[in-house]
Amino acid sequence: MPIHRRHLILAGAGLAAAGGLGVLGRRLLLGGTPPPGFDHELIAQPVALELVPGQHTPAWAYGATAPGTELRVRQGDWLRVRFHNRLPVPSTVHWHGIRLPLEMDGVPYVSQMPVLPGEYFDYRFRVPDAGSYWYHPHQSSAEQLGRGLVAPLIVEEREPTGFVHERTVSLKNWHVDEQGAFLPFSVPREAARNGTLGRLSSVNGVPLGVVEVPAGEVTRVRLLNLDNTATYRINLKGDAEARIYAIDGNPIEPVPLQEDYWLGPGMRICLALRPSAEGSEIALRDGPMRLGTFNVTAATGQGQPWPPRLPPNPLPEPDLANAETLPFNFEWAAKPSSSAAQASAPSLWQVNGVAWDIDDKTCADRPIARLRLGRSYVFELRNLTQYQHPIHLHGMSFKMLASNKRKVTPYFTDTFLLGRNERARVALVADNPGTWMFHCHVIDHMETGLMAAIEVA
Ligand SMILES: [Cu+2]
């Protein structure tokens, strides 16, 4: 299967033509030729984890832990990673939420060929936006993410933000039984509903994990949902004040974290957390269920007031007055397959009447929308199902504008949790040439049809 040459040549070349970017945006996005070499060696490999006491789980990990090695890079700098595949299967790395050239996007047969066992691939790109991101394979995703191939990618602001303390809190459920053995990552009966849930939740890879935060001082807590399926209804129980500073990497005007915040698969929030009393604990919860605990330690004496709003990322502002509106319907579409006996995944969901087939390497040759480079678009997202879907777009961020289910203060994001029967309007500038995946981040929804390609040229 040939790679789309035309896209590889265009990738990175079209950004200069994009309107709406300030000088900073152009400087950050237009990297020119990447410097040779690499700064990080990322090894994907089998690792035995002890998730269940006394039992080994045959996980796959980036490095020695799952979630894997946290990569950190400064906004505007190059991220240069040599990815070594020491797994028994082909894999790729997708950098969730990062606006980058297509050939770095990690989608097999669309942006690159799979990296075979024993091979390596150099990922090199500039990171235009600060915030909390993550990386994972885009191949056999239910199994590869399910076994542990997920990890945080933190892009630091170029200037001090006022936060002195910082913690990364990665959430993931594990599909394991009482002996630590893996259970099926995707079951058709569940894929046809909310998705196949793991049974054992974890915080930074530890069931009921503990994170320490100092008393009376503000800590930046980067909360990442790296799970295949779970939407966590995030709330805190304990004596602490918490404010949301950013959604999916992008700053918002800080607002208190009040009731449950619904954090769908792939989504992130940046919290500022100020606990009161040393020695107390704050439960991090999913609805009524405890996921983990913040243990409040002694003040460090570096206490700071609440930092101001984080600086905005250099995102292009959609031109709504001249934007073309495109409808996207997300539908339930189970139909018996004529080749059901051979099919590895059933066809259950579709976007605009088309179900993605993960076994058909030519699906991306038939994009469901073709956008003109540099133009603005409004996407009308219609969820015609009884289940919620975290809708994610590669290559570009979009601005959430409105919903028929909730009041929206517009904000930029890469993933929007589209509720059951919800209709939402989002807008973007098509400033990044390529063929970009547009899909639900419930992994077994994605693998049973809820994915599409959008072309920008
Ligand atoms: Cu979905």
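This is a predicted model, so every value here is computed, not measured.

**Q** How would you sum up the overall build of the protein chain? Please name residues and give values.
**A** Each helix and strand in the protein chain was counted, giving five helices and 30 strands. The C-alpha extent of the protein chain, read off along each of the three principal axes, is 60 × 55 × 50 Å.

**Q** Talk me through the environment of Glu212; I want residue IDs and the actual numbers.
**A** Mapped onto the fold, Glu212 is located in strand S11 (residues 210-214). Taking the C-alpha atoms as reference points, Glu212 and Glu281, separated by 69 residues in sequence, lie 9.2 Å from one another. Beyond its immediate sequence surroundings of up to four residues, Glu212 is in contact with Asn295 and Thr297.

**Q** Got a sec to walk through the environment of Gly63? Specific residues and values, please.
**A** On the secondary structure map, Gly63 appears in the loop between strand S2 (57-62) and strand S3 (71-74). On a C-alpha basis, the gap between Gly63 and Pro254 in space is 34 Å, while along the polypeptide they are 191 residues apart. In this view, Gly63 contacts Ile43, Gly68 and Thr69; residues no more than four positions away in its chain are not counted.

**Q** Describe in detail the pairing of strand S9 (residues 165-174), supporting the description with residues and values.
**A** Most of S9 is tucked away: seven of the ten residues are buried. Across seven bridges, S9 lies against strand S12 (residues 219-225) in parallel orientation. By the bridge assignment for S12, Thr168 is matched with Arg222. The pairing of S9 with strand S10 (residues 200-203) spans four bridges and is classified as antiparallel. When the sheet's bridge partners are listed, Lys172 is paired in S10 with Ser202.

**Q** Kindly report on the domain arrangement of the protein chain, identifying the contributing residues and their values.
**A** Per the domain assignment, the segments making up the protein chain are domain 1 (34-156), domain 2 (165-297) and domain 3 (320-456). Taking only C-alpha atoms, the centre of domain 1 and the centre of domain 2 are 21 Å apart. Opposite the 24 residues of domain 1 that make contact, domain 2 presents 27 residues. Elements that contribute at least two residues to the side of domain 1 that touches domain 2 include exactly strand S7 (131-136), helix H3 (141-146) and strand S8 (151-156). The residue inventory of the side of domain 1 that touches domain 2, partitioned by class, reads eleven nonpolar, nine polar and four charged.

**Q** If you had to explain the sheet that holds S3 to someone new, which residues and values would you point to?
**A** Strand order in the open sheet formed by four strands is S3-S8-S7-S5, with mixed pairing between adjacent strands. On the outer flanks of this sheet lie S3 and strand S5 (94-96), each paired with one strand and no other. Recorded for the sheet is a direction-independent mean angle of 25° between the axes of neighbouring strands.

**Q** Residue-level account of the sheet that holds strand S22 (residues 369-371), with values.
**A** The sheet built from five strands is open, its strands ordered S22-S30-S29-S24-S27 with mixed pairing. Each edge of the open sheet carries a strand with a single partner, namely S22 and strand S27 (415-418). Averaged over all adjacent pairs, the angle separating strand axes in this sheet is 25°, with direction ignored. Pairing of strand S29 (residues 434-440) with strand S30 (residues 451-456) involves six bridges; the strand directions are antiparallel. In the sheet register, Phe438 faces S30, and the bridge partner there is Ala452.

**Q** Go over unusual backbone geometry, please, and point to the residues and values.
**A** Of note, the bond from Ala66 into Pro67 is cis; its omega dihedral lies within 30 degrees of zero at -5°. Along the chain, Pro67 turns up in the loop between S2 and S3. A positive phi angle is found at Tyr109, which is not glycine, with a value near 70°. Structurally, Tyr109 is set in the loop between S5 and strand S6 (120-126). The exposure class of Tyr109 is partly exposed, given the 19 C-beta atoms found within 10 Å. Here the phi dihedral of Asn204 falls at roughly 50°; this positive angle occurs in a residue that is not glycine. Topologically, Asn204 is positioned in the loop between S10 and S11. Classification of Asn204 as buried rests on a count of 20 C-beta atoms within 10 Å.

**Q** Please provide a residue-by-residue account of the nonpolar core, values included.
**A** For soluble globular proteins, nonpolar side chains are generally found buried alongside one another. One finds Leu271 and Val426 to be the most contacted residues of the largest nonpolar core, which totals 112 residues. Setting aside chain neighbours within four positions, we find Leu271 in contact with Val221, Leu223, Ala242, Arg243, Ile244, Tyr245 and Leu257.

**Q** Tell me about the environment of Glu50, and please be specific about residues and values.
**A** Examined against the element boundaries, Glu50 turns out to sit in the loop between strand S1 (40-49) and S2. In this structure Glu50 comes out as exposed when scored by C-beta crowding, with 11 C-beta atoms within 10 Å. Residues Glu50 and Gly205 lie 155 residues apart in sequence; the distance between their C-alpha atoms is 9.7 Å. Each residue touching Glu50, except ones within four places of it in the same chain, is listed here: Gln55 and His56.

**Q** Account for the confidence of the model for the protein chain, naming residues and giving values.
**A** Confidence in the prediction for the protein chain averages 91 pLDDT; 91% of positions are at 70 or higher. A low-confidence stretch, residues 1-28 stays under pLDDT 50, and its non-local contacts, those more than four residues away or across chains, total 52 contacts. Low pLDDT, under 50, characterises residues 338-342; the stretch is placed with zero contacts to residues that sit more than four places away or in other chains.

Calculation rules
- Once a new chain begins, its residue numbering starts again from 1 and follows that chain's sequence as written.
- For this predicted model, a pLDDT threshold of at least 70 governs which residues receive local features, and a threshold of 80 or more governs which side-chain atom pairs are given and counted, while totals over whole chains, interfaces and linings are taken from all residues.
- Numbering goes from the N terminus for both helices and strands, where a helix is a DSSP run of H or I of at least four residues and a strand is a run of E of at least two.
- Throughout, a pair of residues is in contact if the C-beta atoms placed from their backbones lie within 7 Å.
- Counts of 20 or more other C-beta atoms within 10 Å of a residue's own C-beta define buried residues, counts of 12 or fewer define exposed ones, and intermediate counts define partly exposed ones; C-beta atoms are placed from the backbone.
- Only when DSSP finds a minimum of two bridges between them are two strands counted as paired.
- Domain start and stop points were drawn from an automatic or database domain assignment.
- Residues are grouped as follows: nonpolar covers Ala, Val, Leu, Ile, Met, Phe, Trp, Tyr, Cys and Pro; charged covers Asp, Glu, Lys and Arg; every other residue, Gly included, is treated as polar.
- Interaxial angle, 0 to 180 degrees, is taken between N-to-C directions of lines fitted to C-alpha atoms, where a helix line uses only the stretch in contact.
- To form a nonpolar core, buried Ala, Val, Leu, Ile, Met, Phe, Trp, Tyr and Cys residues must be joined through C-beta atoms within 7 Å.
- Per residue, pLDDT measures the predictor's confidence, with a range of 0 to 100.

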